[in-house]
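Per-entry structural report
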Amino acid sequence: MKRFRSTLLLALLAASFVRPSPSLAQNNPRSWQPSRPVMFIVPNGVAGTSDRAARTLQRILQTHKLINVPMVIVNRPGGNGTLALNQLRASTGDGHVLLIMNSITLSAHIAGLTPYGHADFTPLALMVDEYYSVNVRPDSPLRSASELLTRLRKTPDALTFGSASVTGDNYISMLMALKKGGIDVKRVKTVSFAGGSEIALALLGGHVDVTHTGLGNVLALVREGRMRTLVITGPRRMQGPFADVPTWKEAGVDMTASGWRGVMGPKGMPEAQVAYWERALKRMTEADEWKRDLEKNFWVAEFMGAREVRQFMDNDNAALRRFLSELGLTDKK
């Protein structure tokens, strides 16, 4: 009996050294993985760029078994991203709640439209860039970007532009192009919508004259001849139905712009959770299926890990603040 007790004591002591404590497990970059379904929040409506990017990520992560639990998409449009950020804000330290992020995460805060900025959360990765396009209906009298600028120089409020959320990346890039084209952008009429599909429907229905949105959002309509693209924001011409569409530089306006998309988690995520998602998202971008989706949606690959994307967002935040300040769109508080 004495020998049995001694053996049992040794076994218990050995087990106490082998089994990591919860605190050590949190700090081991490979120790954490999701234990329940992951909520993936989209701060825009269905069928826009952010929604399509989120669903592409979801599909590839699950199809290739890069995560071991289901991922559920939840659309939370409204309040210039505030409704979505509220939900993320309420999940401090929880790696089971993520959000697809874009530059409105920065600009809405700068403009005072939401109380939250990127420092209130945990940026995990940036994965894709998208170029934007200026589009009209097939029967529009506007045949080129030059004609568009000529008309707006005479009467800046002559046309109504449909775009995504005010201060969102496609809205800001639209103002940048028009401003550099000699337009008084403070007089330009704009209507904001929850996502790319709503913007397209507004144009087709005659509720706006021009749209400024991602190439992927108008791809099918351009192919069907139900929409014409006048100009794109990229550094070079694209392929497919956009092959004959000039860039802003070709139209005489020295600007390029793109909208980035990435993934952000709540504040206070332990190192192990950050490492898990950074690793899973990086592996996802290496999948052939992801590369095919990039080409299909006219997206551009752009991967940054957690530390790099934090620095990128700090820099982009400063640049956006300068531009929005020129337009008088920064928070006056």
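Our subject is the structure listed above.
Rules of the game
- Residues numbered from 1 in each chain as written.
- Predicted model: local features only at pLDDT ≥ 70, side-chain atom pairs only at ≥ 80, totals over all residues.
- Heavy atoms only, no water.
- Helix = DSSP H or I, 4+ residues; strand = E, 2+ residues; numbered from the N terminus.
- Expected span 1.5 Å × (residues − 1).
- Buried < 20%, exposed > 50% of the residue type's maximum accessible area, 1.4 Å probe, protein only.
- Salt bridge = Lys/Arg side-chain N within 4 Å of Asp/Glu carboxyl O.
- Contact = heavy atoms within 4.5 Å.
- Axes fitted to C-alpha atoms, helices over the stretch in contact; angles between N-to-C directions.
- Parallel < 35°, antiparallel > 145°, perpendicular 65-115°, else oblique.
- Nonpolar A, V, L, I, M, F, W, Y, C, P; charged D, E, K, R; others polar.

Before going further, it helps to spend a moment on helix H3 (residues 49-63). Every α-helix carries 3.6 residues per turn, so stepping three or four residues along brings you back to the same face. For H3, spanning 15 residues, the distance from its first C-alpha to its last is 21 Å, which sits close to the expected 21 Å at 1.5 Å a residue. With 11 of its 15 residues buried, H3 lies for the most part within the structure. Burial in H3 covers these residues: Thr49, Ser50, Asp51, Arg52, Ala53, Ala54, Thr56, Leu57, Gln58, Ile60 and Leu61.

We now examine the pattern of salt bridges. Between side chains of opposite charge, pairing is possible as soon as their charged atoms come close. In this structure the tally under the stated criterion is 12 salt bridges. Between Asp169 and Arg261 there is a salt bridge; the shortest N-O distance is 2.9 Å. You can see Asp169 sitting in helix H7 (residues 169-180) and its partner Arg261 sitting in strand E9 (residues 258-266), a full 92 residues away along the chain. The burial state of Asp169 is the same as that of Arg261; both residues are buried. If you follow the salt bridges from partner to partner, you end up with Arg59, Glu289, Asp293 and Lys296 in one network.

We now examine the side chain of Thr122. By secondary structure assignment, the location of Thr122 is in strand E4 (residues 121-136). According to the relative accessible area criterion, Thr122 is buried, its value standing at 13%. Every residue in contact with Thr122, bar those within four places of it in the chain, is listed here: Met264, Gly265, Pro266, Lys267, Gly268, Met269, Val274 and Arg310.

It is worth spelling out the environment of Ala111 at this point. Structurally, Ala111 can be placed in the loop between helix H5 (104-110) and E4. Taking relative accessible area as the criterion, Ala111 reaches 15% and is therefore assigned buried. In sequence terms Ala111 and Pro70 are 41 residues apart; their C-alpha atoms lie 36 Å from each other. Among residues more than four places away in sequence, those in contact with Ala111 are Thr167, Leu329, Thr330 and Asp331.

With that settled, the discussion passes to the packing of H3 against helix H10 (residues 271-285). At a minimum axis separation of 10 Å, H3 and H10 run at an interaxial angle of 95°. With respect to H10, the element H3 is oriented roughly perpendicular. In contact with Leu57, Ile60 and Leu61 of H3, H10 contributes Ala280, Leu281 and Met284. Across the contact of H3 with H10, the residue classes break down as six nonpolar, no polar and no charged.

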